[in-house]
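Each chain is listed here by its residues.
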Amino acid sequence: MLALLAGLGFGLSLIVAIGAQNAFVLRQGLRREHVGVVAAVCAASDVALYAAGAAGFGPLVERWPDAVVVVRWLGAAVVIAYGAMAAWRAIKGDTTLAAAEDGALGDRPGRRLKPVVLTALALTWLNPHVYLDTVVLQGSVAATYGDTRWWFTAGAMVSSVAWFAALGYGARLLAPVLRRPNAWRVLDGVIALIMLAVAISLLVG
């Protein structure tokens with residue numbers, strides 16, 4: 001139980017920081033577009049990476065610096081593109097939270113599912129920080145728990161599932177504020193800045 005709780009706290013300490021992945025999940029939650037699928041994709045990705053770290057794949061990641069460099073540049077390109085789209089939406093200012101009208105609470109069809117899922121996968125798997133946090137760092141800490149390392153890892157997995165579900169569906173609480181286009185311009189502007197900061201951190205290594 002202590003290992004499980006330690007893993008839960010450790011996982012939250014890694015995932016709560018606002019980054020490209022969290023910003024995307026938040027926006028999907030606010031727009032109520034494929035929220036469950038996006039949260040599931042992000043959580044399942046983290047679960048797989050945490051399992052890889054606990055299984056001892058951390059040293060393999062560290063031995064392939066060239067692969068990490070390729071992922072870093074691809075990830076920077078994806079983040080810059082998404083940030084540019086957010087900046088363009090902020091400039092245009094034509095986004096509204098139409099789904100919040102009339103008390104609608106279900107996910108909207110919105111954009112097609114495939115590009116949304118691909119974006120979630122790209123923002124997750126093309127970010128080398130994800131591998132360093134989940135596979136290398138978490139795997140190294142889990143190894144110190146010896147026979148209970150999988151309980152520690154299970155706690156980290158639970159933290160990811162709980163966080164993405166809370167972030168995606170909890171975003172609806174902001175619906176009354178985000179009915180106005182100007183509020184969305186501010187949100188998209190903040191997202192664009194977050195993406196720029198993430199891209200810079202990737203480009204400088």
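See the structure above.
Values in this document were obtained by computation on a predicted structure and should not be read as measured data.

(A) Here's a closer look at the overall build of the protein chain. When helices and strands are tallied, the protein chain shows nine helices and zero strands. Across the protein chain, helices and strands are ordered from the amino to the carboxyl terminus as α-α-α-α-α-α-α-α-α. When each of the 205 residues of the protein chain is scored for burial, the buried share is 44%. Once local pairs closer than 6 in sequence are excluded, the contacts in the protein chain between residues at least 24 apart make up 90%. In the form shown here, the protein chain has an accessible surface area of approximately 10,100 Å², with 72% of it arising from carbon and sulfur atoms.

(B) View of the packing of aromatic side chains. For the coordinates displayed, the defined rule picks out four aromatic pairs. For the pair F24 and Y82, a centre-to-centre distance of 5.5 Å together with 75° between the ring planes defines the contact as edge-to-face. Here the residue F24 occupies a position in helix 2 (residues 20–31), and Y82 occupies one in helix 5 (residues 65–92), the gap between them amounting to 58 residues. Here F24 matches Y82 in class, with each residue buried. Ring geometry for Y145 versus F152: centroids 4.7 Å apart, planes at 25°, classification stacked. Given the relative accessible area of 31%, Y145 is considered partly exposed. Linked through ring pairs, F10, Y145 and F152 together constitute an aromatic cluster.

About the criteria used
- Residues numbered from 1 in each chain as written.
- Predicted model: local features only at pLDDT ≥ 70, side-chain atom pairs only at ≥ 80, totals over all residues.
- Heavy atoms only, no water.
- Helix = DSSP H or I, 4+ residues; strand = E, 2+ residues; numbered from the N terminus.
- Buried < 20%, exposed > 50% of the residue type's maximum accessible area, 1.4 Å probe, protein only.
- Contact = heavy atoms within 4.5 Å.
- Areas by Shrake-Rupley, 256 points an atom, 1.4 Å probe, with all protein chains shown as cover.
- Phe/Tyr/Trp six-rings, centres within 6.5 Å; stacked < 30°, edge-to-face > 60°.

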